[in-house]
Amino acid sequence: MDQRTVKRAVIASAMGNATEWYDYGVFTSGAIATAIGTVFFPGEGNAVLKSLALVAIGFVVRPFGGAFFGPLGDKLGRQRVLAITILLMSGCTFLVGCLPTYAGGYSIGIGAPILVLLLRLIQGFSTGGEYGGAATFIAEYAPTKRRGFFGSFLEFGTLSGYVLGNVVVLAVTLSFTTEQVSSWAWRIPFFVALPLGIVGLYLRSKLEDTPEFKRMEKAGEKAEKAPLKETLTENWRMILNLIGIVLLLNIADYMLLTTMPTYFTDTLKINDNTSTLIIIGVEVVQMILIAPLGALSDRIGRKPLLLTAAIGFLVLSYPSIKLMQSGNLALLIVGFGIVAFLLVLMLAVIGSTFPAMFPTRVRYGSFAIGYNVSTSVFGGTCGVIVTALIHSTGNEDWPAFYLMIAAVIAIVPIIKIPETARVPIAKINVQSSPSDGLRAATS
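What comes next concerns the included structure.

Calculation notes
- Residues numbered from 1 in each chain as written.
- Predicted model: local features only at pLDDT ≥ 70, side-chain atom pairs only at ≥ 80, totals over all residues.
- Heavy atoms only, no water.
- Phe/Tyr/Trp six-rings, centres within 6.5 Å; stacked < 30°, edge-to-face > 60°.
- Helix = DSSP H or I, 4+ residues; strand = E, 2+ residues; numbered from the N terminus.
- Buried < 20%, exposed > 50% of the residue type's maximum accessible area, 1.4 Å probe, protein only.
- Expected span 1.5 Å × (residues − 1).
- Arc of directions from axis to C-beta.
- Contact = heavy atoms within 4.5 Å.
- Disulfide = S-S within 2.5 Å.

### Topic: the packing of aromatic side chains
Okay, step 1: For the structure on display, the rule yields 25 aromatic pairs.
Okay, step 2: Ring geometry for tryptophan 21 against tyrosine 24: centres 4.9 Å apart, planes inclined by 80 degrees, an arrangement best described as edge-to-face. Highlighted residues: tryptophan 21 and tyrosine 24, both in helix α1 (residues 3–28), separated by three residues, approximately one helical turn. Take tryptophan 21 and tyrosine 24: they sit in the same class, and that class is buried.
Okay, step 3: Judged by centre distance (5.6 Å) and plane angle (85 degrees), the rings of tryptophan 398 and phenylalanine 401 are edge-to-face.

### Side note on helix α18 (residues 382–393)
Okay, step 1: For α18, which comprises 12 residues, the first-to-last C-alpha distance of 16 Å matches the rise-based estimate of 16 Å (1.5 Å per residue) to within 8%.
Okay, step 2: Buried within α18 we find Cys382, Gly383, Val386, Thr387 and Ile390. Within α18, the buried residues cover an arc of 115 degrees as seen down the axis, which keeps them to one side.
Okay, step 3: Taken together, the buried residues of α18 touch α3 (47–57), α13 (228–267), α17 (363–379) and α19 (398–416).
Okay, step 4: Positive backbone phi, approximately 75 degrees, marks glycine 394, located one or two places after α18.

### Remarks on the state of the cysteines
Okay, step 1: Tallied over the full model, the rule gives zero disulfides.
Okay, step 2: The thiol of cysteine 92 is not disulfide-bonded; the next cysteine sulfur, from cysteine 98, is found 11 Å away.
Okay, step 3: Residue cysteine 92 is classed as buried on the basis of its relative accessible area of 6%.

### Digging into helix α4 (residues 62–76)
Okay, step 1: Taking 1.5 Å of rise per residue, 15 residues should cover 21 Å, and α4 covers 20 Å from first to last C-alpha, within 8% of that figure.
Okay, step 2: Residues of α4 that are buried include every one of Arg62, Pro63, Gly65, Gly66, Phe69, Gly70, Pro71, Gly73 and Asp74, and no others.
Okay, step 3: For α4, the secondary structure elements touched by its buried residues are α1, α5 (78–96), α6 (111–127), α12 (211–218), α13 and α17.
Okay, step 4: Glycine 77 sits one or two residues past α4 and shows a positive phi near 120 degrees.

As structure tokens, then:
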């Protein structure tokens, strides 16, 4: 496969992640989160917590989206399914900006929260089929010796989408008054999602399916119908390992990207714009580091980086939170930066690690189901649970405790999974039994 085609495949895949995380960046930023919680939901109460709950509710249906789109991608091909998911994701985010509110001049009462909830559910369902497919698409296009490098750009898309969301929100809050943002300007960031989705759809429509899927199809190994039963019965042990690793990944990811913005503003009482600038700055550094770390994993393996991150979260989460609570802005940035560095160690390798845990025939479905079950149960609920625990107990250290618990759990499956760096993706196909399929495939 020529390098130009590989690069186009990587960009097309990363655009879906960028679109997904642009949505989270907008929804969880202080000013927009407050506006969403206020204009769509009646009554007094914490508007930010209402907005975070709205984000979390979309995660309820993500496993169902993974179970639907994943096996479908193993049957029909990766490219077709990914074209559908990016269109649904960007369209739902755009439509949130078009909705009438609960009260005011352009309002429909109780219909407003019902419609925004429905859009979040559709968005969550489509997102359930996006990430596993995008990672699979890159892994099956990338050359074996550079799979870590190219796979890292999947999460580069995550970071760039989230940064873009925060930049757009920052531009809106600096350009309009608080009253204007609460009244109508909150809609502007949601409108930007549509052109992002259209660009991603265009890029994906210009690509053929992956060489590995076409090889399997030509060899007559492709499933005749969506292989959901085969996925669950023959790969459940490796799916459980995936769930355990994703537990830490997503608690750390959603802690930093969706919980910390409100932690800074609500708990640490930092100005909205200052909080946004800190997060943007740290994420830009992550974007600079992620590709070199992915390339490093091609040389030394994926597991050393994953283990370093997990042990680091166990040991350094509590000191990092204490630095953030010090009242000194420089120390806060250092504490936040430590946790962000540990996260980017994981982000750099998951795009190359997770697809290589499963054979081609059920790769998309196995990845999508395991990833989205873990994300739904542990990642999407992270912001709501941590914020609620802080409010109910008065203990501001819960972000650290949550990360430490997740790290203890994740260390076990990280140790158990085999190293797949430098193993051709085409060789991860043969299963000798449900319990040792990957060992047989890579031996």
